[in-house]
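# Secondary and tertiary structure notes
In case you want the letters, here they are:
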2 protein chains.
Amino acid sequence: MREFVLAVDLGATKILLGIGPKDGTILSKKRLLTPSGDPAQVLDAIVNGASQLMQDCGVSDKEITGIAVATPGPLAYPEGIVRDSPNLNWKRVELKKELSQRWGRPVIVEKDTNMAVLGEYYYGHYAKSNHLLYITVSTGIGGGIVANGQLYRGNIGGAGEVGHMVIDPGGRKCGCGRQGCLEALASGSAISQQLDEIINQGQGLAILACTPPGQKPSARELGIAAREGDREASLLIAKIAEYLGIGVANLVNIFSPGAVIFGGGVILGLKDLLLKPVRDYVYKNVFALNREELVIDCTELGNDIVLYGCLAAVNKNYV
Amino acid sequence: MREFVLAVDLGATKILLGIGPKDGTILSKKRLLTPSGDPAQVLDAIVNGASQLMQDCGVSDKEITGIAVATPGPLAYPEGIVRDSPNLNWKRVELKKELSQRWGRPVIVEKDTNMAVLGEYYYGHYAKSNHLLYITVSTGIGGGIVANGQLYRGNIGGAGEVGHMVIDPGGRKCGCGRQGCLEALASGSAISQQLDEIINQGQGLAILACTPPGQKPSARELGIAAREGDREASLLIAKIAEYLGIGVANLVNIFSPGAVIFGGGVILGLKDLLLKPVRDYVYKNVFALNREELVIDCTELGNDIVLYGCLAAVNKNYV
C-alpha cells in the first residue's frame, strides 16, 4: 500500500496544506485563506481543505499514515492547546484534541517554528548539526531549537521566543507590550513602521518610488530601493541588520549552535542585503570558540520549511 | 571496597577540592590559592592538593573511582582544552589530557557553570525539572543549561555564556570588549565599578560607612547599607535587579525552563534583596505560558554547587 503524510501549516492569514510520500518530499500543495471567524471555522477549513487536496492527488484516507499540524504559538505542550495567541486571536483552543476528533485519529501538533527547525534538521541543507537554531524573520520574529539532536520545547512548550528577547530596554514598543524586543526592532512589521515614519517625515522618496500606488512600503520595497543604490534604504537595512546581529550573537553565545538558519519572508526576500551584514556582525562579536564551526545561512527549504517539518514530525515518530 | 569520587573546582583565585562517597555527599573539602604562575604549576597544585586531601581523609588511590574537574571557560568540548580564558589568563591548556596523564587515569573536565547545573540537577532542591537554567551572579555572570534532561554544551562546548547577552547596546563596557552585556551591567564587578563611581562623586556615604577601612565597597557593603535602609544602596540594587530581570526574562522566553536557579557570591550574599525584585520582574514580563510552572530561586547547595556537580558527573557517568 502507498503511504502518505498530510502536513498542515496554519497561519493567521493563510493555511498551507501539503501531502507527500514517506521519503520527506512534497507531492502536492494547496493554499487557503484562513477564515476570520471563530476557531471551529478554521478547523473545518483545515479538514475540508485536506480532503480536497487528497482528492486532487487521488490519495485515500487509508493511505494517510500520519497527520501533523503546525500552528502559531503559544502552544502548551504536550496537550497541544493554543493559548492567548495574538496571531490567531484565539484565547484557548484544544487544537490537538479537536483535530484528532475531527479526523478520528491522532494528530501531531507543534508550534510552527518548532516544525520549521525539524524541517531543517531532517530535510534541510544543514541537517548534519545536532545543535541547530532556526530563526524566522517575517512579520514577527520567532525561533526553533534542536539541542543535542532533539527538538527543544522547554518545560511547557513555550521555548524559542527569541523575538521577545529585549536587547534595547528604551527601544521601540513591541506588540507584546514591552519595549525593545528584537521583534519590535528588526521584524517585518518593525521595518514597515520605520518606513512609515521615514515617509511621514517627507523622506525616503526613492523607497516610495518603488512602492506600488496605493500601498505602503514594506521590506520588499526597502530591498528594491537598496539594490538600486538608495542610501536611506541601505542605512535602514544596516540598522535592522545590527539589531538582528545583536540578537543572533546573543543566541550564539548562549547556544553555541552548529548552525543558525534563517527563514521567513523578510530575510528570504532581502537575502544577502540582510544576511551578509548579520553574518559579519555575529562572526565579529561572538566568542572565538562559538564562531569556529558556526554556519549562518538562509534555509533552502524556502516557505515550505514548516511543511517539511510536518513531514519530519510524522516520519520521525514525534508525538 | 570503599568507593570515593574526587572533585576539583578550579577558579582564578582559589582551588576547591572535595572528596565524597558515591552517594553524592561531600566527606571532606580542602581550599588552596591558585598559583599565579604558568599552567603547569596550577596543575601540580591540583594534583598535590588532591593527594593531601586523600591522605587527610585516609582514602587510597584505589578507592577513587572517578575524578572530575571544573574549570572556568571557554572550554572546548569534548577535547577538554581551555582556550583564551580571561579568568585563568590561559591561552591554550589541554586540561583534560594533562590531568589524565598526571593522574594516570581518565579525568572528566567540564566548564564550572556546566558542573554547577549538574550539581543542581542531580543533588539540588530543584532536581525534578528536566529543563533547568543555572545562572551564577558572581564577579562575572555565567550559565549552565540542562535541556530535555541532558547537559547542553552546544556544538563545541561554548554554550551558556548568558553573561554576554547584550541587553543595552549603548550600555557599560564589558570585559569582553563589547558594550551592554548583562555581565557589564549586573555582575559583582559591575556593582563594584558603579559603587566606585558613586563614591567618586562624593555620594554613597552610608555605603562607605559599612566598608572596612582601606577597602573599596562591593556588593557585600551594598547589601549591608540597603538592609540598614540606605536609599542610594536600594536604588542601585533596584537598577541591578532590573538588568538581571531583563536578562532572565529573555532566557525564560527562550528556554521555557522549569526552574531558574541562581548561585554565585553576589546573589547568594544579597539574597532576597536581589532575588525578590528579579523574580517579580521576570514573572511580570515573560509570556503567561512560560510563567505558569516556573520556579526562580537561589541554590541551596551554596558555594559547593560546583563540587556537587563534579560528584554528579562521575556518578552519572559523564565523559
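Residues numbered from 1 in each chain as written. Chains lettered and ligands numbered in written order. Predicted model: local features only at pLDDT ≥ 70, side-chain atom pairs only at ≥ 80, totals over all residues.

## A look at the overall build of chain A
Per the secondary structure count, chain A includes 12 helices and 13 strands. For a compact globule of 319 residues, the expected C-alpha radius of gyration is about 20 Å, and chain A comes in at 20 Å, within 12% of that figure. For chain A, the C-alpha atoms occupy an extent of roughly 60 × 50 × 35 Å along the three principal directions. Looking at the 319 residues of chain A, the share that counts as buried comes to 53%. In chain A, the share of contacts with a sequence separation of at least 24, taken over all contacts with a separation of at least 6, comes to 61%. (Helix = DSSP H or I, 4+ residues; strand = E, 2+ residues; numbered from the N terminus. Rg over C-alpha atoms; globule rule 2.2 N^0.38 Å. Buried ≥ 20, exposed ≤ 12 C-beta atoms within 10 Å, placed from the backbone. Contact = placed C-beta atoms within 7 Å.)

## Structural notes on the domain arrangement of chain A
Residue and element names in this part refer to chain A. Domain boundaries in chain A define domain 1 (4-119 + 304-315) and domain 2 (127-300). The centre of domain 1, based on its C-alpha atoms, is set 26 Å off from the matching centre of domain 2. If you look at the interface, domain 1 gives 11 residues, while domain 2 gives 17 residues. The element that contributes the greatest number of residues to the side of domain 1 that touches domain 2 is helix α3 (residues 112-123), accounting for five residues. Residues of the side of domain 1 that touches domain 2, tallied by class, amount to nine nonpolar, two polar and no charged. (Domains from an automatic or database assignment. Nonpolar A, V, L, I, M, F, W, Y, C, P; charged D, E, K, R; others polar.)

## Side note on unusual backbone geometry
Here the bond from Tyr77(A) into Pro78(A) is cis, since omega is 5°, no more than 30 degrees from zero. If you trace the backbone, Pro78(A) turns up in the loop between β5 (75-76) and β6 (81-85). Across the junction of Gly73(B) and Pro74(B), the peptide omega takes the value -5°, indicating a cis bond. By the secondary structure assignment, Pro74(B) is in the loop between β4 (64-71) and β5 (75-76).

## Some points on the pairing of strand β9 (residues 132-137) of chain B
Residue and element names in this part refer to chain B. With six of its six residues buried, β9 lies for the most part within the structure. Of the two faces of β9, the one carrying Leu132, Tyr134 and Thr136 and the one carrying Leu133, Ile135 and Val137 are both buried. The pairing of β9 with strand β10 (residues 141-147) spans six bridges and is classified as antiparallel. The partner of Thr136 across the bridge, within β10, is Gly142. Once β9 ends, the chain turns through three residues before running back antiparallel as β10. Pairing between β9 and strand β12 (residues 259-263): five bridges, direction parallel. Paired with Ile135 across the bridge in β12 is Phe262. (Pairing = 2+ DSSP bridges.)

## Some details on helix α1 (residues 39-57) of chain A
Residues and elements named next belong to chain A. The end-to-end C-alpha separation of α1 is 27 Å, in line with the 27 Å expected for 19 residues at 1.5 Å each. For α1, the set of buried residues is Val42, Ile46, Ala50, Leu53 and Met54. Seen along its axis, α1 keeps its buried residues to an arc of 105°; they face one direction. Away from its buried face by more than 90 degrees, α1 exposes Ala40, Gln41, Asn48, Ser51, Gln55 and Asp56. On the buried face of α1, the contacting elements are β1 (4-10), β2 (14-21) and β3 (28-33). Downstream of α1 by a residue or two, Gly58 has a phi angle that is positive, lying close to 70°. (Expected span 1.5 Å × (residues − 1). Arc of directions from axis to C-beta.)

## Description of the packing of helix α7 (residues 219-227) of chain B against helix α8 (residues 231-255) of chain B
Residue and element names in this part refer to chain B. Two elements in contact, α7 and α8, have axes separated by 7 Å at closest approach and are oriented at 120°. By the angle between their axes, α7 is oblique relative to α8. The chirality of how α7 crosses α8 is left-handed. In this structure, α7 contributes Leu222, Ala225 and Ala226 to the contact, and α8 contributes Ala233, Ser234, Leu236 and Ile237. (Axes fitted to C-alpha atoms, helices over the stretch in contact; angles between N-to-C directions. Parallel < 35°, antiparallel > 145°, perpendicular 65-115°, else oblique. Left-handed = near helix turned anticlockwise from the far one by under 90°.)

## Side note on the sheet that holds strand β7 (residues 90-93) of chain A
Residue and element names in this part refer to chain A. One open sheet holds the three strands; their spatial order is β5-β6-β7, and the pairing between them is antiparallel. For this open sheet the edge positions go to β5 and β7, each flanked by a neighbour on one side alone. Pairing geometry for β6 and β7, over three bridges, is antiparallel. Bridged to Val82 within β7 is Val93.

## Some thoughts on the sheet that holds strand β12 (residues 259-263) of chain A
Residues and elements named next belong to chain A. Across the sheet, which stays open at both edges, the five strands sit in the order β11-β10-β9-β12-β13 with mixed pairing between neighbours. The open sheet has two free edges, formed respectively by β11 (150-151) and β13 (295-298), since each of these has just one partner strand. Each of β9 (132-137) and β12 is contacted by helix α8 (residues 231-255), which is oriented at about 160° to β9, the strand it contacts most.

## Quick look at the relation of the copies chain B and chain A
Turning chain B through 180° and shifting it by 0.0 Å along the axis lays it on chain A, with an RMSD of 0.0 Å. Seen this way, the second copy is the image of the first under a two-fold rotation axis. Proximity to the rotation axis, assessed at the C-alpha, singles out Ile167(B) in chain B; its C-alpha lies 2.1 Å from the axis. Of the residues that chain B buries at the interface, 100% are likewise interface residues in chain A, meaning the two copies contact each other through the same surface. (Least-squares fit on C-alpha atoms with pLDDT ≥ 70 in both.)

## Here's the deal with the interface of chain B and chain A
The partner chain A presents 41 residues to the 41 residues of chain B that form the contact. Listed by contribution, the elements that provide at least two residues to the side of chain B that touches chain A are β6 (81-85), α8 and α11 (288-291) of chain B. Element by element, the count of residues in the side of chain B that touches chain A is highest for α8(B), at five residues. Within the side of chain B that touches chain A, the residues separate by chemical class into 18 nonpolar, 16 polar and seven charged.

## Comments concerning the nonpolar core
Considering soluble globular proteins, one finds that nonpolar side chains tend to be buried as a cluster. Ranked by internal contacts, the top residues of the largest apolar core, which has 215 residues, are Val8(A), Val69(A), Cys310(A), Val8(B), Val69(B) and Cys310(B). Setting aside residues no more than four positions away along its own chain, Val8(A) makes contact with Ile15(A), Leu17(A), Ile46(A), Ala50(A), Val69(A), Ala70(A) and Cys310(A). (Core = buried A, V, L, I, M, F, W, Y, C linked by C-beta atoms within 7 Å.)

## Quick look at the environment of Lys271(B)
The residue Lys271(B) is located in the loop between α9 (265-270) and α10 (272-285) in this model. C-beta crowding within 10 Å serves as the criterion here: with 13 such atoms nearby, Lys271(B) is assigned to the partly exposed category.

## Looking at helix α3 (residues 112-123) of chain B
Residue and element names in this part refer to chain B. Relative to the 16 Å expected for 12 residues at 1.5 Å per residue, α3 spans 16 Å between its end C-alpha atoms, a close match to the ideal helical length. Of all 12 residues in α3, 11 are buried; the element is thus mostly enclosed. Residues of α3 that are buried: Asp112, Thr113, Asn114, Met115, Ala116, Val117, Leu118, Gly119, Glu120, Tyr121 and Tyr123.

## Description of the confidence of the model for chain A
On average, chain A scores 96 in pLDDT, and the residues at 70 or more come to 100%. Here the predicted complex carries an ipTM of 0.97, next to a pTM of 0.97. (pLDDT = per-residue confidence, 0-100.)

## Here we look at the environment of Gly245(A)
All names here are of chain A. In this fold, Gly245 is placed in helix α8. For Gly245, a count of 22 C-beta atoms within 10 Å corresponds to the buried category. The spatial distance from the C-alpha of Gly245 to the C-alpha of Asn155 is 28 Å, given a sequence separation of 90 residues. Other than its neighbours up to four places away in sequence, Gly245 contacts Pro277, Val278, Tyr281, Val282 and Asn285.

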